[in-house]
Amino acid sequence: MSYKKAALFDLDGVVFDTEPQYTAFWSTVFARHYPNEPQLATSIKGQTLTWIYERYFADKPDLQNEITAELNVFERDMKFEYVLGFEDFIAQLHQLNVNTAVVTSSNKEKMQQVYDQHPNFKALFDHVFTAEDFAKSKPDPYCYLLGASYFGVKPTECVAFEDSVNGFKSVKSAGMPLVGLATSNSVEVINQYTKVIIPNYLQASFADLCNQL
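Every chain's residues receive numbers from 1 upward, in the order its sequence appears when written. Residue-level local features of this predicted model are given only where pLDDT is at least 70; pairs of side-chain atoms are given and counted only at 80 or more, and the full residue set underlies all totals for whole chains, interfaces and linings. As a rule here, side-chain values come from all non-hydrogen atoms in the structure, and water together with hydrogens is ignored.

Caption draft 1: Inspection of the overall build of the protein chain at higher detail. The secondary structure content of the protein chain amounts to 10 helices and six strands. C-alpha atoms define the radius of gyration in this analysis, and the globule rule sets the expected value at 2.2 Å times the number of residues to the power 0.38. Its C-alpha atoms give the protein chain a radius of gyration of 17 Å, within 12% of the compact-globule value 17 Å for 213 residues. The C-alpha extent of the protein chain, read off along each of the three principal axes, is 55 × 35 × 30 Å. We call a residue buried when its accessible area falls under 20% of the maximum for its residue type, exposed when it is over 50%, and partly exposed in between, using a 1.4 Å probe and counting protein chains only. When the 213 residues of the protein chain are sorted by exposure, 50% land in the buried category. In the protein chain, 66% of the contacts between residues at least 6 apart in sequence involve partners at least 24 apart. Counted as positive: Lys and Arg. Counted as negative: Asp and Glu. His and the chain ends are not counted at all. Working definition for charges: the position is that of NZ of Lys, CZ of Arg, CG of Asp or CD of Glu. Across the protein chain, the centroid of the 17 positively charged side chains sits 6 Å from that of the 26 negatively charged ones. By the criteria applied, helices consist of DSSP H or I runs no shorter than four residues and strands consist of E runs no shorter than two, each listed in order from the N terminus. Residues count as neighbours in contact if any of their non-hydrogen atoms are within 4.5 Å of one another.

Structure representation (structure tokens):
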């Protein structure tokens, strides 16, 4: 069969099972500053910190610094635990000589926390793209088009793994096949963007996923 040439992974909710922790953090932040909009903690998923500040805390540099300090403390204490089955799945891709990359809205400072907890993390991927690499935030397709370009392949020759609505929109706008992780959204929501949905990577076969895309 013909495998996809590159697999591009979002980070939170796709590689690491961290979304519940982030939802709790941002729920607390928005409860203080936007008490009448409880949905904001989930609607920002997949966005860069810069985008969040420009959208909700513009012209408030002191407040931005305060939130950043809180977030840095929070992320230092976070547990970055792999989504079930991920390590075996990424090993499967290596055996198939599929190019792999992380495409995350997280910044380099946050990624250093990941590297500290998982010293072998970088070795799992051919490249790690962070917020600093992107001219535009999700749901813009820029980040995924950059991933395809890095490997010199067409978007249709890649497969993206995402869990957030902003991520789904980014992938689809890039014209890229999508596998949805049901870690942050319901199957009903993900079905609007792709029919190929997995709860985690246990027993996941890259060949089978490619056949379904």
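Caption draft 2: Local environment of the environment of S205. Looking at the element boundaries, S205 is found in the loop between β6 (197-198) and α10 (206-212). The partly exposed category is assigned to S205, whose relative accessible area is 22%. Sequence separation of S205 and Q92 is 113 residues, and the distance between their C-alpha atoms is 8.2 Å. Excluding its chain neighbours within four sequence positions, the residues that come into contact with S205 are F89 and Q92.

Caption draft 3: Structural detail: helix α5 (residues 86-95). Taken together, the buried positions of α5 are F86, F89, I90 and L93. Seen from one end, α5 has its buried residues packed into an arc of 95°, which puts them on one side. With respect to the buried face of α5, the exposed residues turned more than 90 degrees away are D88 and Q95. Taken together, the buried residues of α5 touch β1 (6-9), β2 (99-103), β4 (158-162) and α10. What the arc covers is the set of directions going from the helix axis to the C-beta atoms.

Caption draft 4: Region of interest: the pairing of β4. Of all five residues making up β4, five are buried, and the element is well covered by its neighbours. Both faces of β4 are covered, namely the face carrying C158, A160 and E162 and the face carrying V159 and F161. One ladder, built from four bridges, connects β1 with β4; its direction is parallel. Directly across from A6, in β4, lies its bridge partner C158. Here three bridges tie β4 to strand β5 (residues 178-181), and the two strands are oriented parallel to one another. The partner of E162 across the bridge, within β5, is G180. Whether a crossover is right-handed comes down to one check: with the strands pointing away from the viewer, does the path from the first strand over the helix to the second run clockwise; if it does, it is right-handed. In the classification by handedness, the crossover that spans β4, the intervening helix α8 (residues 165-173) and the parallel β5 is right-handed. The pairing criterion for strands is at least two bridges between them, as found by DSSP.

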